[in-house]
Amino acid sequence: MKKPVKLELEPSNRQLLDDKFETHLLSEINTIDATSVAYWLIEEEDDEAIKRLVEAIRRHPAPAIYLRAIVLLTKNNAKKTNTIDHGADALYKISTFDQATADTLSSDFEGVNQWIERIPNLSDHSDINTSLKVLRFISSRDTELLPVMTTQVHNGYDYPSISAMFEKDDDAVIDTLSFLQKQRLLSPRFITKTHLCSHCNGAFLNFKEVCPDCASEEINPDELIHHFKCAYTGEFSEFVFGDELICPKCDKRLHHIGVDYDKPSIIFRCSQCNHSFQEPEINSTCFSCGRSSKPEDQVLQIINGYSATSIGHNAAIYGLESLFSNILETELNLFTHSAFKDFIKIEISRTTRYKITNSTFVILQFSDLENLYIRLGKRAEEVFSELSAIFKSILRQSDIISARNESIFFIILTETDTAQAKQAIDRLTSGITQLLENNLDYSPEVLTRIEKIDAQLEIDNSLERLLENNVH
Amino acid sequence: MYIENLIQFISNLTFWQVLAYFWPFFIIDMFRYVLLDSFLIISYIPKWKRERPLRARARKQLFHERPLVSVIVPGKNEGKHIPKLCRSLAAQTYNQIEIIVVDDGSDDKTAQICRELEAKKEITTFISNRVRGGKASAANTALRYARGEYVLHIDADSFLDSKSIETILLPFYMDENIGVVGGDVRVANINDSLTTSLQAIEYMKTISTGRTVLSMLGILRIVAGAHGMFRKDVLDRLQGWDVGPGLDGDITLKIRKLGYRVVHESHAICYTNVPSTPSKLAHQRYRWDRSLIRFRARKHFDILKPSANFYLSNFISSADNLFFNLLLNIKWWLYTAQILIFQASLLEYIFMINYLLYLIANFIEFSVALLLFGSTTAKWREKKLIFLMPLMPLYTGLFIRIVRTYAYLMEFLHRTSYNDRWNPWKVSKIAKRERL
């Protein structure tokens, strides 16, 4: 039976909960049997102390420690900063927190705790890869990771439940999430967007209207008045005489807007250079670095909510090493996409220059790989190793392979024409199909596209066409 | 057979018969348009040569002082023409200029086009009035923000010859009593249609030479809205333009009333787009011609009365305008009636002889225009128009005359110019009520 464990920075006797719950000092954290912890309790008044405790838990390498839920107890309704509120899984007032509540929470976090126990070799497992920690955290909660608007962090949006895992307040949180998204382990959902300083990525910008000629901020708007009768047009202030509006050209009193006069527009005048204009320029100054930038130069950042994909859930439990591309990487030499594009360029110029031989470009897509992950579970690694072996046996040392993501692969078959390429790829796909059918009774769908490498080749277009055909 | 009879008819004419049958030509038009124009134009060449050192000195002073010129361009839905105008302004030999474009409630892409030009600094200030107020208010808006010593008013669908601004400024440095200088207006879309080609001939005759003559006589009464350089202080005294249509003629008269000289400078050239179909042309002239009645005969009738502000030249200017346009227009209908009643049997001969007389007159006038100003444009651009001469007596004698008569009648009887959609209805309503 798991029990809540209270963590504190230093021993103290003020807490009335001490006698009810097992209490440990933070320094003893490695001695606690983490597998028997239902969730962590933190009861501190000081924001700084709470922060230190939460960070110590989340930055711990052991999944049984850092993945465990955190419950924050506060003395009163004192308002905590958003970041810390959300960094914990739950927040309670000490006065209302009793044994019954504690038991309810234990069962609430049962799902998270069961998830943690599915990790193989949990007790001597140690995660040093922050990406994997983030993925495991999101997968274990099985809810969407949501951003919070805050003035506490530099770029204005924080993911408090995971930000404690990161050492510094920089862009590492966003970078890690977008890396996992690119690997198709997390799927994003648009929440909002934000404009950041082009110099320091700061979200806190002071927007100002300035003169388009001299960039002075000292500009004043004035309304134009058009007097119908004499066609005089001038600024509002020219017409004001006491309580009345009187035309400076013909001395007639203005009665009703739209009947004898109009206000056709607003004009700004710069106090510095006397320039008149209707559209002031917008400039922004960053509160963090003090530098100015124009709106069109600012960095537009999309802020997403994230949830784990099927591949993501699988990789969260079995580790990133179980990913197909990772396994292929160890068996074959996988090139990055940009390097692959360079190879394509070289092949195009080489083959068109000498016109002796042909090379062929191949796209390979496993259309149902996610289902395979779910079916395979921890056996994925093993099966993928065998798949890699098939790749290795058919591709030659001189062939170049790159993974677009977990299920799409780009290959250059050098010194091979399209007919030969078709044979090779047929052997590859039938090898893969046989392996999976014989061992798993599972027939994957493998889509291929084979193209001669010449000046017309656009690999991104080819991929698009393959995906389109797939839909139809 | 007809030609033989025609020759027979002509050879049998007595002096009094010539006078009786063709008095409009021999008594009025020949004197006024052919002899007087040709004579004055011939005196123009020696004057132009005589003034060469004066112009050189004026030019030197101009480039020494380098006064700022505000080019103001009011217009509605003229966005598509603005880039070309801006290019022609950027190519000026005199470049101490600022460009102020006022969009009078356009509902097309004008604002977008002009904003881009403003961002590229090709336009100094662009003001977009979302509520349309009429051309006068747009021009006054631009004037309100003009910082120059001189203000060049130019139509948005025009563009300038590269020496135009330099040339049109020189008269101010030769006579400090000049309040406004009108520039020459030529047809830009000369090859668009027969209608535009005929207008090109007409512009050469009535503007290039016609206004030079009026200017030399000191009775020039209009500076075209398409191309006029004003002294800013004079415009400020008048506090800008009054409600149109016909605001260019109106402000010229007001400047004359202040005692300033108004001159025409034929060597400063502006090219403008003219209506390309007879029906559009008829609409344009209908609008222009009504303003004669509205402004000369009504608003500024005081010029013709002896008073403290009486200037003989102003009197002649207005009287000349009213006489030649209004009375001679009536004369034509009297003449037509006379021929139909008393000489109906001779109609075919009289018509043909009139046609030939006016054809010759047109030839002479156009040749004078080409002689004086043809060298300022591309060789064939205007010279080849001479082949269209046979159509001119019909164009001016019939088409323009009928439109003009209709315009005068409608304005006299119904004040139709106040209902013109050229102004927003709110402005027209007030103008009509106040009898402006």
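Because the structure is a prediction, the values reported are computed rather than measured.

Undergrad: Describe the overall build of chain B, naming the residues involved and giving the relevant values.
TA: Assigned secondary structure in chain B consists of 16 helices and 8 strands. Within the span of chain B, comprising 436 residues, buried residues form 42% of the whole. Of all intrachain contacts in chain B linking residues separated by at least 6 positions in sequence, the fraction that spans at least 24 positions is 83%.

Undergrad: Please give an account of the overall build of chain A that cites residues and values.
TA: For chain A, the helix and strand inventory stands at 16 helices and 24 strands. When burial is assessed residue by residue, chain A has 33% of its 472 residues classed as buried. Residue pairs at least 24 apart in sequence account for 70% of intrachain contacts in chain A once pairs closer than 6 positions are excluded.

Undergrad: I'd love a proper account of the packing of helix α6 (residues 130–141) of chain A against helix α8 (residues 172–182) of chain A, names of residues and values included.
TA: For any two helices packed against each other, one specifies the crossing angle of their axes together with the interaxial distance. Residue and element names in this part refer to chain A. The interhelical angle for the contact between α6 and α8, taken along N-to-C directions, is 75°, at an axis separation of 10 Å. By the angle between their axes, α6 is roughly perpendicular relative to α8. Side by side, α6 and α8 meet where Thr-130, Ser-131, Val-134 and Leu-135 of the first sit next to Thr-176, Phe-179 and Leu-180 of the second. Class assignment of the residues belonging to the contact of α6 with α8 gives a composition of 4 nonpolar, 3 polar and no charged.

Undergrad: Outline the sheet that holds strand β21 (residues 360–366) of chain A, listing residues and values.
TA: The strands making up a sheet associate through hydrogen bonds between their backbones, and the pairing can be parallel or antiparallel. Residue and element names in this part refer to chain A. Ordered in space as β20-β22-β23-β21-β24, the 5 strands form an open sheet in which the pairing is mixed. Of all the strands in the sheet, the pair left with one neighbour each is β20 (334–335) and β24 (446–452). Sheet analysis places β21 next to strand β23 (residues 408–413), joined by 6 bridges and oriented antiparallel. Bridge pairing in β23 links Leu-364 to Phe-409.

Undergrad: Would you mind going over helix α12 (residues 312–342) of chain B in detail, with residue names and values included?
TA: Of all the bends found along α12(B), the most pronounced is centred on B:Leu328 and spans about 30°. Among the residues making up α12(B), those that are buried are B:Asn314, B:Ser317, B:Ser318 and B:Asn321.

Undergrad: Could you give me a rundown of the sheet that holds strand β5 (residues 90–93) of chain A, with the residues and numbers involved?
TA: Residue and element names in this part refer to chain A. Strand order across the open sheet formed by 5 strands is β2-β1-β3-β4-β5, with parallel pairing between neighbours. Strand pairing shows two members of the sheet lacking a second neighbour, β2 (22–25) and β5, which therefore form its edges. For this sheet the average axis-to-axis angle between neighbouring strands, irrespective of direction, equals 30°. Examined bridge by bridge, strand β1 (residues 3–8) and strand β3 (residues 37–43) share 4 bridges and lie parallel to one another. The residue bridging Val-5 from the neighbouring strand is Trp-40, located in β3.

Undergrad: I'd love a proper account of the packing of helix α2 (residues 15–50) of chain B against helix α8 (residues 194–217) of chain B, names of residues and values included.
TA: Residue and element names in this part refer to chain B. Between α2 and α8, whose axes approach to 10 Å, the crossing angle comes to 75°. With respect to α8, the element α2 is oriented roughly perpendicular. On the side of α2, the interface is formed by Asp-37, Leu-40, Ile-41 and Tyr-44, while α8 contributes Thr-209, Thr-212, Val-213 and Met-216. Taken together, the residues of the contact of α2 with α8 sort by class into 5 nonpolar, 2 polar and 1 charged.

Undergrad: Got a sec to walk through the nonpolar core? Specific residues and values, please.
TA: With 92 residues, the main nonpolar core has B:Val71, B:Ile72, B:Ile100, B:Val101, B:Ala142 and B:Leu152 as its most contacted residues. By residue number, the principal contributor to this core is α8(B), which donates 8 residues. The next biggest cluster of nonpolar side chains, apart from the first, holds 77 residues, and it includes A:Ala34, A:Val71, A:Leu105 and A:Ile450.

Undergrad: Outline the interface of chain A and chain B, listing residues and values.
TA: Listed as interface residues are 20 residues of chain A and, on the opposing side, 25 residues of chain B. Contributing elements (two or more residues each) for the side of chain A that touches chain B: β10 (219–227), β11 (233–235) and β16 (276–277) of chain A. A per-class count over the side of chain A that touches chain B returns 8 nonpolar, 7 polar and 5 charged.

Undergrad: If you had to explain the environment of A:Arg59 to someone new, which residues and values would you point to?
TA: Mapped onto the secondary structure, A:Arg59 falls in the loop between α1 (47–58) and α2 (63–66). Leave out the neighbours within four places in its chain, and A:Arg59 touches A:Tyr66, A:Ala164 and A:Met165.

Undergrad: Please give an account of helix α14 (residues 380–394) of chain A that cites residues and values.
TA: All names here are of chain A. Its 15 residues place the ends of α14 21 Å apart at the C-alpha level, agreeing with the 21 Å of an ideal helix rising 1.5 Å per residue. Within α14, the full set of buried residues consists of Ala-380, Val-383, Phe-384, Leu-387 and Phe-391. The buried residues of α14 occupy an angular sector of 95° when the element is viewed end-on, so they sit on one face. Turned more than 90 degrees away from the buried face of α14 sit Glu-382 and Ser-393, all of them exposed.

Undergrad: Can you explain unusual backbone geometry? Please cite residues and give values.
TA: Residue A:Asp251 is not a glycine yet carries a positive backbone phi of 60°. Owing to 9 C-beta atoms within 10 Å, A:Asp251 belongs among the exposed residues under this scheme. Unusually for a residue other than glycine, B:Arg66 sits at a positive phi of about 45°. You can see B:Arg66 is positioned in the loop between α3 (52–65) and β1 (69–75).

Undergrad: Requested: an account of the confidence of the model for chain A, with residues and values cited.
TA: Taken over all residues, the pLDDT of chain A has a mean of 84, while the share at 70 or more is 93%. When mean pLDDT is taken per element in chain A, strand β8 (residues 186–196) of chain A scores highest with 93 and helix α3 (residues 82–87) of chain A scores lowest with 60.

Undergrad: I'd like a description of the environment of B:Lys331, backed by residues and values.
TA: Inspection of the secondary structure puts B:Lys331 in helix α12. Separated by 307 residues in the primary sequence, B:Lys331 and B:Pro24 place their C-alpha atoms 7.9 Å from one another.

Undergrad: Kindly report on the confidence of the model for chain B, identifying the contributing residues and their values.
TA: Residues and elements named next belong to chain B. For chain B, per-residue confidence averages 85 on the pLDDT scale, and 94% of positions sit at 70 or higher. Within chain B, helix α14 (residues 379–383) has the poorest average pLDDT of any element, 64, and strand β4 (residues 150–154) the best, 95. Interface confidence for the predicted complex, given as ipTM, is 0.77, next to a pTM of 0.66.

Procedures and definitions
- Residues numbered from 1 in each chain as written.
- Chains lettered and ligands numbered in written order.
- Predicted model: local features only at pLDDT ≥ 70, side-chain atom pairs only at ≥ 80, totals over all residues.
- Helix = DSSP H or I, 4+ residues; strand = E, 2+ residues; numbered from the N terminus.
- Buried ≥ 20, exposed ≤ 12 C-beta atoms within 10 Å, placed from the backbone.
- Contact = placed C-beta atoms within 7 Å.
- Axes fitted to C-alpha atoms, helices over the stretch in contact; angles between N-to-C directions.
- Parallel < 35°, antiparallel > 145°, perpendicular 65-115°, else oblique.
- Nonpolar A, V, L, I, M, F, W, Y, C, P; charged D, E, K, R; others polar.
- Pairing = 2+ DSSP bridges.
- Bend = angle between axes of the 7 residues up to and from the residue.
- Core = buried A, V, L, I, M, F, W, Y, C linked by C-beta atoms within 7 Å.
- Expected span 1.5 Å × (residues − 1).
- Arc of directions from axis to C-beta.
- pLDDT = per-residue confidence, 0-100.

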